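Remarks on the overall topology
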Amino acid sequence: MNDLILKFKFWVKASRGYSLPMSLLSFLVVFSWCVKEGGKISYGLVALLGIAFAHLGTNLFDDFIDFKNNVPKQEAKRTYFQNSNITLKTIFFATFICFFISFVIGIFFIYKVRIEVLYISLFTGLLCALYPKLNHISLGEVALILTFGPNLFYGVSLVMGVDFSLELFIISLLVGILTLILLLTHAFMDFDTDKEVNKKTLLVRLGTKERALNFLFLLLAICYVTLFYLIFAKVISPFGVISIFTLHLVVRLYKYLKDYIVTPDSKLFLRNFIIARNIVSLLDIIISIAILVR
């Protein structure tokens with residue numbers, strides 16, 4: 001039993017389970033909208049399972065490519081390298097299992113709902129499969145916005161039987177960009193290693209860490225402005241105003257990442273990432289509640 005628990009903990013860490021709340025909270029936003037509109041809750045929960053395994057599978061596949069190409073990793077992401085029993089074959093098999101579970105859930109919805117589920121599943125699956133390559137040519141960011149934004153929102157609303165409205169589309173873009181901010185925080189701290197191996201992420205193409213940092217926080221500002229627009233337009237309730245209480249975390253993250261430019265320390269990687277995760281998580285939760293009480 002203890003051996004099983006240790007293996008479970010290993011694979012949760014290896015698949016970067018600490019990032020899973022991002023897809024779960026993105027789901028929570030669209031799930032809240034669909035529940036408010038009378039959608040099928042049971043189908044939404046089954047979709048959540050498929051989303052979680054697709055997310056973990058994508059993380060594993062991304063690391064599979066980096067592991068294969070000997071891309072340098074941050075301390076927090078060296079799980080494979082710290083275990084000599086892990087081979088490329090093992091990583092690939094774990095990736096396959098995650099994607100297979102997602103695939104089976106997709107088949108269930110194709111049978112129970114309608115054929116459109118197949119199209120959105122194939123497109124999302126293609127983005128997940130190509131993500132490691134797209135991330136090397138500055139298109140990984142676009143893939144991530146689509147995956148965690150419009151694709152996820154359209155797919156969940158489809159299986160829950162709710163129309164994909166213009167308002168929901170705007171919210172999906174907001175959530176997609178919020179998730180991108182988490183990725184960019186990750187990529188910002190990988191700036192030197194990505195540049196070293198010629199990994200052309202969006203931040204690397206900006207040329208300097210200072211520009212990368214400014215771009216990251218410009219996107220955050222856009223998210224806050226969009227959130228307040230949704231309140232003003234009465235798409236979500238005024239409850240969303242409490243998002244201003246997350247700004248102290250934004251200021252702290254900016255300070256830490258600015259310091260990281262001068263003294264990059266891999267031991268601070270998780271600290272900075274967790275602050276970014278908390279900002280995005282809190283905003284997703286606030287949006288979800290503001291939808292439910294509107």
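Each remark here, short or long, concerns the structure printed above.
To keep things clear, this report deals only with the structure shown in the data block. (Residues numbered from 1 in each chain as written. Predicted model: local features only at pLDDT ≥ 70, side-chain atom pairs only at ≥ 80, totals over all residues. Heavy atoms only, no water.)

1. Quick word on the pattern of salt bridges
This is how it is decided: Each reported salt bridge corresponds to a side-chain nitrogen of Lys or Arg within 4 Å of a carboxyl oxygen of Asp or Glu. Counting from the N terminus, the helices are the DSSP runs of H or I reaching at least four residues and the strands are the DSSP runs of E reaching at least two. Only protein chains enter the accessibility calculation, which uses a 1.4 Å probe; a residue whose area is less than 20% of its type maximum is buried, one above 50% is exposed, and one in between is partly exposed.
Summed over all chains, the structure comprises 2 salt bridges. Measuring nitrogen to oxygen at the nearest pair gives 2.8 Å for the salt bridge that ties Glu37 to Arg294. Placement of Glu37 in the loop between helix 2 (20-36) and helix 3 (41-68) and of Arg294 in the segment after helix 12 (269-292) is noted, with a sequence separation of 257 residues between them. Owing to a relative accessible area of 33%, Arg294 belongs among the partly exposed residues under this scheme. Linking Asp259 and Lys255 is a salt bridge whose minimum nitrogen-to-oxygen distance equals 3.3 Å. Of this pair, Asp259 and Lys255 both sit in helix 11 (residues 247-262), separated by 4 residues, roughly a single helical turn.

2. Considerations on the packing of aromatic side chains
Formally: Between rings of Phe, Tyr and Trp, where Trp is taken as its six-membered ring, a pair exists when centres lie within 6.5 Å; planes separated by under 30 degrees are stacked, by over 60 edge-to-face, and by other angles tilted.
For the structure shown, the criterion picks out 9 aromatic pairs. Plain terms: the ring middles of Tyr43 and Phe108 are 5.9 Å apart, the flat faces sit at 80° to each other, and that makes the pair edge-to-face. Taken together, the positions of Tyr43 in helix 3 and Phe108 in helix 4 (residues 88-112) put the pair 65 residues apart, joining distant regions of the chain. Looking at Tyr43, the relative accessible area reads 16%, which means it is buried. Centroid distance Phe108 to Phe109: 5.2 Å. Interplanar angle 65°. Geometry classified as edge-to-face. On the basis of relative accessibility, which here comes to 32%, the residue Phe108 falls in the partly exposed class.

3. Quick notes on the packing of helix 2 against helix 12
Keep this limit in mind: Only the stretch in contact is used when fitting a helix axis, every axis being a line fitted to C-alpha atoms; angles between N-to-C directions are given from 0 to 180 degrees. Put simply, angles under 35 degrees are roughly parallel, angles over 145 are roughly antiparallel, angles from 65 to 115 are roughly perpendicular, and the rest are oblique. What makes two residues a contact is simply this: any of their non-hydrogen atoms within 4.5 Å.
Interhelical geometry of helix 2 versus helix 12 gives an angle of 5° and a closest axis separation of 8 Å. Here helix 2 lies roughly parallel to helix 12, going by the angle between them. On helix 12, the residues touching Met22, Leu25, Ser26, Leu28, Val29, Ser32, Trp33 and Lys36 of helix 2 are Arg277, Val280, Ser281, Asp284, Ile285, Ile287, Ser288, Ile291 and Leu292.

4. A closer look at the environment of Gly155
Looking at the element boundaries, Gly155 is found in helix 6 (residues 140-159). By relative accessible area, Gly155 is classed as buried at 15%. C-alpha of Gly155 to C-alpha of Leu118: the two residues are 37 residues apart in sequence and 9.8 Å apart in space.

5. A word on unusual backbone geometry
A positive phi angle, near 65°, is found at Lys234, a position not held by glycine. Structurally, Lys234 is set in the loop between helix 10 (209-232) and helix 11. On the accessibility criterion, Lys234 (73% relative accessible area) is exposed.

6. Structural notes on the side chain of Asp284
Where we set the bar: His is not counted, nor are the chain ends; Lys and Arg add positive charge and Asp and Glu add negative charge.
Tracing the sequence through the fold places Asp284 in helix 12. Arg277 provides the closest opposite charge to the buried, salt-bridge-free Asp284, at an N-O distance of 11 Å. Apart from the residues within four sequence positions on either side, Asp284 is in contact with Leu25, Ser26, Val29, Val175 and Leu178.

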